[in-house]
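Residue strings, one per chain:
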Amino acid sequence: SQQGEEDPQALSIQEGENATMNCSYKTSINNLQWYRQNSGRGLVHLILIRSNEREKHSGRLRVTLDTSKKSSSLLITASRAADTASYFCATERGAAGNKLTFGGGTRVLVKP
Amino acid sequence: GAGVSQSPSNKVTEKGKDVELRCDPISGHTALYWYRQSLGQGLEFLIYFQGNSAPDKSGLPSDRFSAERTGGSVSTLTIQRTQQEDSAVYLCASSFYTSGEQYFGPGTRLTVT
């Protein structure tokens, strides 16, 4: 079963605009990670935020985490056509080992 | 360096046949994971290896599914008597640490006809 729900399920924006997607989860976590997937194949790790962190930046990516609301957001600033992909949040729970539990994903289309 | 590799990249099999999917993790990564991605179920965890042992097999959907890892490296996921609902992309990932970022392979797309 999936830990998280993501919204929106799909997002279409113009190049240069910002893209924001949200993830909610159900249980306590060690960390929350965001992954990108192109063409329905391998996933690429983007950023990890630990449960004691509230915000993290990496290049054009900004992630927030609100453990009281069990939610996270991923912001991609100044989007590019190459950002077109599906984005997944994944939670790691200490009691469950290192396995990741994924959300349903957000499909992002960046139009040139 | 080389990333996680999986073979075959695509596999078409007839219902009832057995299939073996292979994963070569990044050298030195002690943890290895199998996930499955399908339209109906999204991304699901199947099994986790630490070295050659599997402390968490909780995601294997039935006893038709098994996996092994030898020499702390290559892993094989075997599906016996395949069913149409086994059609999915099977993803393998590895990690150096027991927590944090996982590195994914390109996946094996399995189609059961």
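Keep in mind it's a predicted model, so treat the numbers as computed, not measured.

Residues and elements named next belong to chain B. With eight of eight residues buried, strand β9 (residues 88–95) lies mostly within the body of the structure. Side chains A88, Y90, C92 and S94 of β9 all project onto a buried face; the interleaved residues V89, L91, A93 and S95 project onto the opposite face, where all are buried too. Relative to β9, strand β4 (residues 31–38) runs antiparallel, the two sharing seven bridges. Paired with Y35 across the strands is L91, a residue of β9.

The strands that make up a sheet pair up through hydrogen bonds in the backbone, lying either parallel or antiparallel. Residue and element names in this part refer to chain A. Reading across from one edge, β1-β3-β8-β7-β6 is the order of the five strands in this open sheet, with antiparallel pairing throughout. Each having just a single partner strand, β1 (5–7) and β6 (55–58) make up the two edges of the open sheet. The average undirected angle you get between the axes of adjacent strands in this sheet is 15 degrees. Here β6 runs beside strand β7 (residues 61–66); their pairing, made up of four bridges, is antiparallel. Bridging from a neighbouring strand, S58 pairs with L61 of β7.

Take the environment of S72 of chain A next. Residue and element names in this part refer to chain A. Tracing the sequence through the fold places S72 in strand β8 (residues 71–76). Each C-alpha atom of the pair S72 and W34 lies 9.7 Å from the other, and the pair is 38 residues apart in sequence. Beyond its immediate chain neighbours, meaning those up to four positions away, S72 contacts M21, N22, C23, L32, W34, V63, T64 and L65. Within the structure, the side chain of S72 is placed 3.3 Å from the side chain of W34, a separation counted as a polar contact.

This paragraph deals with the layout of surface pockets. Of the voids in this model, the largest pocket is the one considered here, and its volume is about 480 Å³. Taken together, 23 residues line the largest pocket, and the ones lying closest to its centre are F88 of chain A together with Q37, S38, L39 and G42 of chain B. Of all the secondary-structure elements, those providing two or more residues to the lining of the largest pocket are β9 (85–92) and β11 (106–111) of chain A together with β4, β5 (42–50), β9 and β11 (108–112) of chain B. When residues of the lining of the largest pocket are assigned to their parent elements, the largest contribution, three residues, is made by β11 of chain B.

Definitions and cut-offs
- Residues numbered from 1 in each chain as written.
- Chains lettered and ligands numbered in written order.
- Predicted model: local features only at pLDDT ≥ 70, side-chain atom pairs only at ≥ 80, totals over all residues.
- Heavy atoms only, no water.
- Buried < 20%, exposed > 50% of the residue type's maximum accessible area, 1.4 Å probe, protein only.
- Helix = DSSP H or I, 4+ residues; strand = E, 2+ residues; numbered from the N terminus.
- Pairing = 2+ DSSP bridges.
- Axes fitted to C-alpha atoms, helices over the stretch in contact; angles between N-to-C directions.
- Contact = heavy atoms within 4.5 Å.
- Polar contact = N/O pair within 3.5 Å; in protein donor to acceptor, adjacent residues only side chain to side chain.
- 1 Å grid on protein atoms, 1.4 Å probe; cavity = no way out; pocket = protein on both sides within 12 Å on 5 of 7 lines; lining within 4 Å.
- Points joined across faces, edges and corners; volume = space filled by probe spheres on them.

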